[in-house]
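# Observations on chain architecture
Letter by letter, the chains look like this.
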Amino acid sequence: MQNFWPASGFDHLQRTERGWLQPTDDYLRLFLARPELAPVPESCKAELALHAAMLEAPGKPVTPAALQALQDADARDSYRLFLRFRDGLLAAGTLEAYYLSLFPRDGMGQINIPPLFIDLLAQAITRNLLDDSTDAYEVRAGEMLFRSQRISTEGGQVLSGDRETLDMLNETGGLGDIGRFLAEAKAPLRDVEVRVLSDDNAPDYWQQVDRYAYLLDLTHEVSNDLSHGLVLTMTRARSGLKALASVLQKWVRHFLGVAVTITPVQKVDDEAWRWHVGLDAEATALLNDLYEGRDVAPDRLQRLVSLFRLEFADPREMRADVAGKPVYLGLMMSADGVVRLKPQNLLVNLPLRQAM
């Protein structure tokens, strides 16, 4: 067993009999320690007093007057957002219940917390459902559920790297603030090696799992030209897409109690195509256009990272009009090469027989 993603706060959460996660005071204290809420030298006495009181009792009510006493407007806004998140989480009782309340299936929900809080919820929940995983590829794929990725398609490979990490390395040469200073001074920066996750370096990945510094190879099939014009196409045993599909299967089962099988596919070759779900905003729009038979520009199609075929283990758990039909999923990068996977789409848009 590997204790990965300690910053997720998983160790400070309690499992219910259902396997969902209950917040604790220590979990809430992690948010109070974040730079958005942690005091700075310029913090006023009222802010210091409020922070100290909340560290003592993270669930205590905070009056509007106590917030208004904070001299810094940004600090007031940060506390308002945190208290809205905290109160919603405590009222829901579990991270999963609160997450689902943010994305109701009727589409009538209103998200009133920043994306950061949603990502932190997704990280802790993903950490929980991968708790018994010993597969580095699966855990690396799990990062995609709560961290944006940059996609590279050089040399026939599709590589996924953590956007924040790659942008930082590009800006600082991997030397942090010192590297940023050197870059501003136009001093040469050393090359930084970002490795593609492989069987050989998987043990090293576990030692650096919280640095998000490994690329995941999403290339699912490779083709070899044989003699006489024959081409042999093989599915890679260690495909990052296969690992991502495994994580998404667990995500659906964890939230909805529904067993599904998700398989990467190269295309939708199905005259009876009835249902699809985009795993991000770009893929949703593309699949809608393809389903409606609209013309799609070639350069837009090229930004499609992968398609998946989702099948229910029990068709009776599906809506009657599509029972037994596959659901097609799409994952797509933006024009600037970024994937922002939205795992909530699977919870909201699957054709379930009834609301779970």
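Described in the following lines is the structure provided in the data block.

## So, the nonpolar core
Ranked by size, the top nonpolar core spans 85 residues in total, and within it Y99 and L350 carry the most contacts. Considering every element that reaches this core, the biggest residue donor is helix α11 (residues 240-256), with 10 residues. Apart from the residues within four sequence positions on either side, Y99 is in contact with I118, L121, A122, I125, W251, F255, P343, Q344 and L347.

## A word on the packing of helix α4 (residues 73-92) against helix α5 (residues 95-102)
Any two packed helices are characterised by how steeply their axes cross, that is the angle between the axes, and by the distance between the axes. It is the contact of α4 with α5, at a shortest axis distance of 8 Å, that shows an interaxial angle of 115°. Of the possible angle classes, the one that applies to α4 and α5 is roughly perpendicular. Note on packing geometry: the crossing formed by α4 with α5 is right-handed. For the pair α4 and α5, the contacting residues are R84, F85, G88, L89 and A92 in the first and L95, A97 and Y98 in the second. Across the contact of α4 with α5, the residue classes tally to six nonpolar, one polar and one charged.

## A word on the packing of helix α2 (residues 45-56) against α4
At their nearest, the axes of α2 and α4 sit 12 Å apart, and the two run at 20° to each other. Classed by the angle they form, the pair α2 and α4 counts as roughly parallel. Crossing hand, α2 versus α4: left-handed. Touching E47, L50, H51 and M54 of α2 are A75, Y79, F82, L83 and R86, all from α4. For the contact of α2 with α4, the residue count by class is six nonpolar, one polar and two charged.

## Quick notes on the pattern of salt bridges
If you walk through the whole model with that rule in mind, you get 19 salt bridges. For D26, the salt bridge is made with R29, and the minimal N-O distance between the two is 2.7 Å. Within this pair, D26 and its partner R29 are both found in helix α1 (residues 25-32), separated by three residues, close to a single helical turn. Exposure remark for D26: the relative accessible area of 39% places this residue in the partly exposed category. Residue R147 pairs with E164 through a salt bridge whose shortest N-O separation is 3.3 Å. Of the two residues, R147 is situated in the loop between α7 (136-142) and β3 (149-152) and E164 in helix α8 (residues 163-172); the sequence distance between them amounts to 17 residues.

So, how was this worked out
Residues numbered from 1 in each chain as written. Predicted model: local features only at pLDDT ≥ 70, side-chain atom pairs only at ≥ 80, totals over all residues. Heavy atoms only, no water. Core = buried A, V, L, I, M, F, W, Y, C linked by side-chain atoms within 4.5 Å. Buried < 20%, exposed > 50% of the residue type's maximum accessible area, 1.4 Å probe, protein only. Helix = DSSP H or I, 4+ residues; strand = E, 2+ residues; numbered from the N terminus. Contact = heavy atoms within 4.5 Å. Axes fitted to C-alpha atoms, helices over the stretch in contact; angles between N-to-C directions. Parallel < 35°, antiparallel > 145°, perpendicular 65-115°, else oblique. Left-handed = near helix turned anticlockwise from the far one by under 90°. Nonpolar A, V, L, I, M, F, W, Y, C, P; charged D, E, K, R; others polar. Salt bridge = Lys/Arg side-chain N within 4 Å of Asp/Glu carboxyl O.

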